[in-house]
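Summary of the model geometry
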Amino acid sequence: MLFYYSATGITRKLALTIAERTGDCVCSIENELEKGECSYSLKDSERLGFLSPVYFGAVPDIVKRFVEKIQLQTADNYYCFVAFTYGASAFNAANQLTGMLMRHGITTNAAFGACGIDTFLPMYTIPSGESRTSVEAQMSTQNALIAEQVADRTQINDVKTGPFPRLTSATAALLYAWMRRTNNFRVSDACTGCGLCAKNCPEHAISLDPDTHRPQWNAPKCMLCLRCLHHCPAAAIDYSDITKDKIRLRSYP
Ligand SMILES: Cc1cc2nc3c(=O)[nH]c(=O)nc-3n(C[C@H](O)[C@H](O)[C@H](O)COP(=O)(O)O)c2cc1C
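These remarks concern the structure in this document. All residue numbers refer to positions counted from 1 along the written sequence of the respective chain. Whole-chain, interface and lining totals are the exception, using all residues; otherwise, since this is a predicted model, local features are given only for residues with pLDDT of at least 70 and side-chain atom pairs are given and counted only at 80 or more. Just so you know, side-chain values use all the structure's heavy atoms and leave hydrogens and water out.

Moving on, we get to empty space enclosed by the protein. Each cavity reported here is a set of points on a 1 Å grid over the protein atoms alone in which a 1.4 Å probe fits but cannot get out, each pocket an open set with protein on both sides within 12 Å along at least five of seven lines, and each lining residue one with an atom within 4 Å of a point. Grid points are joined across faces, edges and corners, and a volume is the space filled by probe spheres set on the points. A complete count under the given rule lists four cavities of 30 Å³ or more for this structure. Roughly 110 Å³ of volume is contained in the largest cavity. Taken together, 16 residues line the largest cavity, and the ones lying closest to its centre are Cys201, Pro202, Cys222, Cys225 and Cys228. Residue polarity follows a fixed list, in which Ala, Val, Leu, Ile, Met, Phe, Trp, Tyr, Cys and Pro are nonpolar, Asp, Glu, Lys and Arg are charged, and the others, Gly among them, are polar. Across the lining of the largest cavity, the residue classes tally to 13 nonpolar, one polar and two charged. As for the second largest cavity, its lining consists of Cys191, Thr192, Gly193, Cys194, Gly195, Leu196, Cys197, Pro215, Cys232, Pro233, Ala236 and Ile237. Here the lining of the second largest cavity is built from residues that sort into nine nonpolar, three polar and no charged.

What follows deals with the packing of helix 1 (residues 10-22) against helix 5 (residues 129-151). Lines fitted to C-alpha atoms define the axes, with helix axes restricted to the stretch in contact, and inter-axis angles between N-to-C directions lie between 0 and 180 degrees. Secondary structure is summarised from DSSP: a helix means a run of H or I of at least four residues, a strand means a run of E of at least two, and numbering begins at the N terminus for each. With their axes 9 Å apart at the nearest point, helix 1 and helix 5 run at an angle of 45 degrees to one another. One finds that helix 1 runs oblique with respect to helix 5. As helix 1 packs across helix 5, the resulting crossing turns out to be right-handed. Only Met139, Ser140, Asn143, Ala144, Ile146, Ala147, Glu148, Val150 and Ala151 of helix 5 make contact with helix 1, whose side of the interface consists of Ile10, Lys13, Leu14, Thr17, Ile18, Arg21 and Thr22. Residues that form the contact of helix 1 with helix 5 fall into these classes: nine nonpolar, four polar and three charged. In this scheme, roughly parallel covers angles under 35 degrees and roughly antiparallel covers those over 145, while 65 to 115 is roughly perpendicular and the rest are oblique. Throughout, a crossing is termed right-handed when the near helix is turned clockwise from the far one, and left-handed when it is turned anticlockwise from it by less than a right angle. By the convention used here, residues are in contact when the closest approach between their heavy atoms is within 4.5 Å.

Here the focus is the pattern of salt bridges. Here, a salt bridge means any Lys or Arg side-chain nitrogen found within 4 Å of an Asp or Glu carboxyl oxygen. The tally for this structure, following the rule as stated, stands at ten salt bridges. For the salt bridge of arginine 214 with aspartate 189, the shortest nitrogen-to-oxygen distance reads 2.7 Å. Of the two residues, arginine 214 is situated in the loop between strand 10 (206-208) and strand 11 (215-217) and aspartate 189 in the loop between strand 9 (185-187) and helix 7 (196-200); the sequence distance between them amounts to 25 residues. Accessibility here uses a 1.4 Å probe with only protein chains present; expressed as a share of the type maximum, an area under 20% marks a residue as buried, one over 50% as exposed, and anything in between as partly exposed. With relative accessibility at 69%, the residue aspartate 189 sits in the exposed group. Here aspartate 238 ties to lysine 244 by a salt bridge, and the two come within 3.4 Å at their closest N and O atoms. Salt bridges sharing partners connect three or more residues here, namely Asp61, Lys64 and Arg180.

Near, as used in this document, describes a residue that has one of its heavy atoms within 4 Å of the molecule or strand being considered. Among the 24 residues in the neighbourhood of the ligand, the closest are listed as Ser6, Thr8, Thr11, Ala88 and Ile117. Two N or O atoms count as a polar contact when they lie within 3.5 Å, although within protein this holds only if one can serve as hydrogen donor and the other as acceptor, and sequence-adjacent residues are included solely when both atoms are side-chain atoms. In this structure, an oxygen atom belonging to the ligand sits 2.5 Å away from a side-chain N or O atom of threonine 8. Measuring from an oxygen atom of the ligand, one finds a backbone N or O atom of valine 54 at 2.8 Å. Accessible areas in this description were obtained via Shrake-Rupley with a 1.4 Å probe; residue shielding takes into account the shown protein chains only. Burial of the ligand by the protein amounts to 96% of the accessible area it has alone, namely 650 Å². Using a 2 Å cut-off from the grid points, one finds that the ligand occupies the largest pocket. Those elements that provide at least two residues to the shell around the ligand are helix 1 and strand 6 (79-86). In the shell around the ligand, the residues fall into 14 nonpolar, nine polar and one charged. An automatic or database domain assignment supplies the residue ranges for each domain. Three or more residues apiece are contributed to the shell around the ligand by two domains, here domain 1 (2-171) and domain 2 (180-239). By definition, a pocket or cavity contains a molecule when more than half of the molecule's atoms lie within 2 Å of the pocket's grid points.

So, about the layout of surface pockets. In this model, the largest pocket occupies a volume close to 590 Å³. Lining the largest pocket are 34 residues; nearest its centre among them are Val54, Tyr55, Phe56, Asp118 and Phe120. The element that contributes the greatest number of residues to the lining of the largest pocket is helix 6 (residues 165-179), accounting for five residues. Its residues assigned to classes, the lining of the largest pocket shows 21 nonpolar, twelve polar and one charged.

Purely geometric numbers; function is a separate question.
Right, here's the structure in full:
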């Protein structure tokens, strides 16, 4: 059973690559939370995976909510892993998630990291041309290797944490608290009012203005997953002015 959260598709691709290799079923954390009850029973020797992007050196809120809610009936010899995708480093995220799982009585056997594109457009850029092709090839190779290790039930901690992971994550949390205010979002005249941003927001933080049909953020803060910004067909959503004219990830792959 593989539970994943993915705002822009990178982690979803990793989950699907693993599932293709192992035959495990894949569940979107967003869908599971929408359904309400999050009760599951593992079969003997079943694999259990939690896959997520890293947000400011930590586990995204939606994944935390899911782990808080999950009711899991474990079975003999289950193999549990966590896997993170990130642009540079997971910092303390893997430790945070394994700790949360441990408090729920779930023991983790392995932690994997897949480094690739950083979707945090206010600070980074999406590569294009040859560098995009090269980073995607590297991500596919990493995904295939992780899938192989999960299939073999490898016990390993292979997550890049960088120096002083706890301290870096704690500092990043302060920056996150400041940056995640939704009043930083802007909508340009390119908006066609298609409503995809509101429909697909994992936190239901966006509604459409009844008159203009343009998005308006109805929560003071969000996870800052940037799905609205990356997936807007008209590239009409920006974060302040700092994402203007930057390439979007669109739908990945
Ligand atoms: C709000 C936010 C915070 C992020 N923080 C980090 C980080 O601390 N370290 C890092 O290496 N990448 C960071 N990233 C990059 C993502 O973790 C990475 O691009 C991930 O693969 C996106 O996965 P997804 O397409 O499945 O959503 C961040 C991205 C976002 C949107």
